[in-house]
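Secondary and tertiary structure notes
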Amino acid sequence: MNKPLLAALSALALAGLGAAPAVAATHADSPAPKAKKPAVTVNFAGTVSLSDCSGSVIRFPNSADSDPALVLTNGHCLETGFPDPGEVITGQSSSRTFGLLNASGSKIATLRANQVVYSTMTDTDVTIYRLSTTYAQIKSSYGISPLTMNDTHPTAGTAIKVVSGYWKTTYSCNIDGFVNQLKEGDWTWKDSIRYTSSCNTIGGTSGSPVIDTSTGKVVAVNNTGNEDGERCTVDNPCEVDANGNVTVHKGTNYAEETYGIPACFTTGNKLNLGAVGCTLPKP
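For the structure given in this document, a descriptive report is provided here.

Basis of the calculations
Residues numbered from 1 in each chain as written. Predicted model: local features only at pLDDT ≥ 70, side-chain atom pairs only at ≥ 80, totals over all residues. Heavy atoms only, no water. Disulfide = S-S within 2.5 Å. Helix = DSSP H or I, 4+ residues; strand = E, 2+ residues; numbered from the N terminus. Salt bridge = Lys/Arg side-chain N within 4 Å of Asp/Glu carboxyl O. Buried < 20%, exposed > 50% of the residue type's maximum accessible area, 1.4 Å probe, protein only. Phe/Tyr/Trp six-rings, centres within 6.5 Å; stacked < 30°, edge-to-face > 60°. Lys NZ or Arg CZ within 6 Å of the ring centre and 35° of its normal. Pairing = 2+ DSSP bridges. Polar contact = N/O pair within 3.5 Å; in protein donor to acceptor, adjacent residues only side chain to side chain. Contact = heavy atoms within 4.5 Å.

Scanning the entire structure with this criterion turns up four disulfides. One disulfide bridge connects C173 with C199, the sulfur atoms lying 2.1 Å from each other. On the S-S bond that ties C173 to C199, the torsion sits near -95°, and the link is left-handed. Note that C173 is positioned in strand β10 (residues 169–184) and C199 in the loop between β11 (187–195) and β12 (209–212), a separation of 26 residues in sequence. Through a disulfide, C232 is tied to C238; the S-S separation comes to 1.9 Å.

Structural data, given as structure tokens:
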């Protein structure tokens, strides 16, 4: 998992922020990159820094400006610790703070949560916080709009950027493909995104939004990478295909898709796990 690690900090101290870990393996089944579409401007506006992770202020296609704003990060970034396998947390009180960034990556405000709306590390790796302010209030006070979450499945070959509010840096690559099951320690995630090698994310990038550069929309949340080439251990996820075959790609990094989340939220950004089309794990 891409939490801040001593190794990552040491690497940065020695080689600078742009230092890269081992280059990801080349995958024979990787699709050729798509023909380039006109790219939208992707910057730090709307991303946030946490005490130990990255995140973003997000809205759904049907969210209203008057709705309480939401912050997206990883399940393993939850301030009360990693959710257990099979555990789903909803409606938990929170007073966690987030540093709101502008386009250039400067912190311009501190936002505060009042609730963990949803958090799990089962099937996906996601935490969604509800803030004490609305989208309209954030826009009026700081000139920052939220990032919109796409509600359709991403496509292999898509050009993406991983935008880390913690490190105030971005990674550019493509979606290399999709992983049937990604196993790390006791946790299993489904239909994960595998990056091409240039998204060499490090500790502290956990929870970063993964943005489609042709639309500017969030398609996934960055969460992990295989650091040492170990098999299915913490910080060394392995891929399991539909036939149960396990493969390990040292240096390869991953994200969890988010397209299914909007169906689980109704008017007023309220969570409804029983809504039609909602496939998030339930408590």
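The subject of this paragraph is the pattern of salt bridges. Once the charged atoms of two side chains with opposite charge are near each other, the side chains can pair. Applying the stated criterion to the full structure yields six salt bridges. Between R59 and D65 there is a salt bridge; the shortest N-O distance is 3.1 Å. Among the residues examined, R59 registers a relative accessible area of 15% and is labelled buried. When its relative accessible area of 48% is taken as the criterion, D65 is described as partly exposed. Linking E79 and R96 is a salt bridge whose minimum nitrogen-to-oxygen distance equals 3.9 Å. Here the residue E79 occupies a position in the loop between β3 (68–73) and β4 (88–93), and R96 occupies one in the loop between β4 and β5 (97–101), the gap between them amounting to 17 residues. Through salt bridges with shared partners, one network takes in D52, E79 and R96.

A separate point is the packing of aromatic side chains. Summed over the entire model, instances satisfying the criterion amount to four aromatic pairs. Judged by centre distance (5.0 Å) and plane angle (85°), the ring pair of Y166 and W167 falls under edge-to-face. The residue whose ring lies beneath R59 is Y135, and the NZ or CZ to ring-centre distance is 5.3 Å.

Remark: a regular strand shows side chains that alternate across the two faces of the sheet. Note that strand β9 (residues 159–164) and β10 share six bridges and pair antiparallel. Paired with A159 across the bridge in β10 is N174. Connecting β9 to the next strand, β10, in antiparallel fashion are four residues, including K168 with a positive phi near 55°.

Moving on, we get to the side chain of N253. As for its position among the elements, N253 is in strand β16 (residues 253–257). At 3.4 Å, the side chain of N253 and the backbone oxygen of G251 are in polar contact. Not counting the four nearest positions on each side in its chain, N253 is found in contact with N2, I193, R194, Y195, C199, N200, T201, T224 and G225.

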